[in-house]
Amino acid sequence: MFRRTPRLFAATLAVTALALGACADKADDQPSTGTAAAAYPVTVGALTLDKRPEKIVVLSPTATEMLFAIGAGPQVTAVDDQSNYPADVPKTDLSAFQPNAEAIAGKNPDLVVLSDDRNKIVEQLGKLKIPVYQTPAATTLDDSYRQITELGTLTGHADQATDVASRMKDDIAKLVKDLPQRAEKLTYFHELGPELYSATSKTFIGSLYSQAGLTNIADPADADGKSFGYPQLSQEFIVKADPDFVFLADAKCCQQNADTVKARSGWAGLTAVKNNQVVALDDDVASRWGPRVVDLLRVIIDAVAKVPA
């Protein structure tokens, strides 16, 4: 996702905000080499490319991470202003929030990768004969794996993409396998921002916590689905739920930490606070669904493993 700011996410309540917002061992993140030259044309969904794209413009930080992870980085010539990983990405002032067809066309792309169809940008780029591949916000890990492999097909890195997705699956399986067995599940609150918007188990981030065997206190708050998986909770609701963990996805953007959480009215008595189980997440990793979700799940599982079964 472009880098999602929790405040904007909370203000819009849009699931697609997630979309504009490398595995465990960084050495393992390097894609394998020696892939045979891909045969073109290739087709993914309704998109057919007659030749390998060499000037890719990306308007999604998650897609940027995916492309570099599968070895297509050299083909990426411009990314949006929120893409910041890897560190040497060709960052520009292009906006994924307010995409401008003229500005994008000015980069002479032979493929544009984006998450959201904002400002009817897909139609605009279509009129300019610029191919577009969309990577909408994932709701499951399978969505992430599929997008990685499809990007591999489109960019001529099918083998590397398959390797990346397979490593993700294997690493996640190993992490989950080592979880301690508990008679009663631990509970958690995932904080998107100080306004106390959260994410339920129906969301992508929620599915990761489910992998870790945790129960989401926010689920009852969106039983009717009207918050699209992102309800705003009240101080009273959270204090009453008394979660075992508080995970902060607003540590960098909003300077939230264990001390600021403890200072909130009534929060000092929370089990998570008393047991030092307020966990600061990397804001970027927690708002994207690329290869680094393994890193995110590892942080969550490491925190859970410290609690005696």
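Residues numbered from 1 in each chain as written. Predicted model: local features only at pLDDT ≥ 70, side-chain atom pairs only at ≥ 80, totals over all residues. Heavy atoms only, no water.

Looking at an unreviewed UniProt entry, one finds the chain named Fe/B12 periplasmic-binding domain-containing protein and attributed to Micromonospora noduli. According to UniProt, the comment filed for the chain under the heading Sequence similarities (unreviewed entry) is "Belongs to the bacterial solute-binding protein 8 family." (UniProt positions renumbered as here; feature names shortened; annotations may be inferred.)

## Things to note about the overall build of the chain
Counting its regular elements, the chain contains twelve helices and ten strands. Taking all 309 residues of the chain together, 53% fall into the buried category. As presented, the chain carries roughly 13,400 Å² of accessible surface, and 51% of it is formed by carbon and sulfur atoms. (Helix = DSSP H or I, 4+ residues; strand = E, 2+ residues; numbered from the N terminus. Buried < 20%, exposed > 50% of the residue type's maximum accessible area, 1.4 Å probe, protein only. Areas by Shrake-Rupley, 256 points an atom, 1.4 Å probe, with all protein chains shown as cover.)

## Let's talk about the confidence of the model for the chain
The share of residues in the chain with pLDDT of 70 or more is 88%, and the mean pLDDT across the chain is 90. The model gives residues 1–35 a pLDDT under 50, and that stretch makes 121 contacts with residues more than four places away or in other chains. (pLDDT = per-residue confidence, 0-100. Contact = heavy atoms within 4.5 Å.)

## Regarding helix α6 (residues 141–155)
Here α6 contains 15 residues, and its C-alpha end-to-end distance of 21 Å stays within 8% of the 21 Å for a straight helix at 1.5 Å per residue. Most of α6 is tucked away: eleven of the 15 residues are buried. Along α6, the residues that are buried comprise Leu-141, Asp-143, Ser-144, Tyr-145, Gln-147, Ile-148, Glu-150, Leu-151, Gly-152, Leu-154 and Thr-155. One or two residues past the end of α6 sits Gly-156, with phi positive at roughly 85°. (Expected span 1.5 Å × (residues − 1).)

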